Amino acid sequence: ENREAMLNSRSNRLTEALEEANALFDGVCRAREAALDAQFLVLASNIGKEKANELHSEMSAFDSTAFAEDLLTFMGINRTEETDDSEDGSGGFLPGDAWKRMGEEALKYFKRAPVFHYMLGSFKSEPPVPKQRIERQKKASRGKAEQAMPAQLKKMEESHQEATEKEVERILRILQTHFENDPNTPIFFFDFVIDPNSFARTVENMFHVSFLIRDGLARIKLDEDELPVIEPTKPSGVGEEDSRAGARNQVIIRLDQREWK
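Rules and cut-offs
Residues numbered from 1 in each chain as written. Predicted model: local features only at pLDDT ≥ 70, side-chain atom pairs only at ≥ 80, totals over all residues. Heavy atoms only, no water. UniProt positions renumbered as here; feature names shortened; annotations may be inferred. Salt bridge = Lys/Arg side-chain N within 4 Å of Asp/Glu carboxyl O. Helix = DSSP H or I, 4+ residues; strand = E, 2+ residues; numbered from the N terminus. Buried < 20%, exposed > 50% of the residue type's maximum accessible area, 1.4 Å probe, protein only.

As annotated in an unreviewed UniProt entry, the protein chain is Non-structural maintenance of chromosomes element 4 from Pomatorhinus ruficollis. You can read under Function (unreviewed entry) in the UniProt record for the protein chain the words "Component of the SMC5-SMC6 complex, that promotes sister chromatid alignment after DNA damage and facilitates double-stranded DNA breaks (DSBs) repair via homologous recombination between sister chromatids." As recorded by UniProt, the Subunit (unreviewed entry) comment attached to the protein chain reads in full: "Component of the SMC5-SMC6 complex."

Below is the structure:
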């Protein structure tokens, strides 16, 4: 409503409105009030921008005519009398010492002479240093770094695989030892893999036992109570092993912490 009054360069209505808004903002405690304050800030910013655009500063543009008038006035021009006794004989309105007075005044703002320099450097320019060698060195170092990373990852992968193979062999020896002591009593699968003190260790045991089943070194079957039991397989011929591998099926066992407990 007061937009025209606020845009007036001699009016302080915009400043007063901002100060009032700052005072009111101290009591803001609801989201709607904060939204109104933000809306007011947008309106005030737009009005301030328009007000700034309407301002005209004499320093923003150089008026050569006004500068010449001020310069002539400083040099002591006399507009009422025209003299013909100037040194160059051209006549004019300026006194004889006008340019001397101008030079003495300008000397205050130039403490030393400008330094002479070339716009494009010295005349005897040296050829630029070739950058190809630097780029090749960077590429070579980058290539070495890229070659080192796969080697490290491969080494890490091999160490992890070796640890898994060792753990699978250890579990197979435990299973075989149990059946050597009591060959007629198959062991309950969950008794074999479950660690009562660690759920993560239980999952690892099931993971490692799966390699025994996959490679045909052990088998899982259901007993009379339809519960899974595990037992090692006896070594046999190649043909029987291939047929037994073809008859194996993959299954997914679901086990959460509640069932583990």
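Next, the rest of the story.
A. Examining the pattern of salt bridges more closely. Per the counting criterion, the structure on display carries eleven salt bridges. Note that Lys108 and Glu105 form a salt bridge whose closest N and O atoms lie 3.3 Å from each other. Across the salt bridge formed by Glu231 and Lys221, the nearest N and O atoms sit 3.4 Å from each other. Taken together, the positions of Glu231 in strand β3 (residues 228–232) and Lys221 in strand β2 (residues 218–222) put the pair ten residues apart, joining distant regions of the chain. Given a relative accessible area of 12%, Glu231 falls into the buried group. Judged by its relative accessible area of 38%, Lys221 falls in the partly exposed class. Linked through salt bridges whose partners overlap, the residues forming this network are Glu167, Arg170, Arg201 and Glu204.

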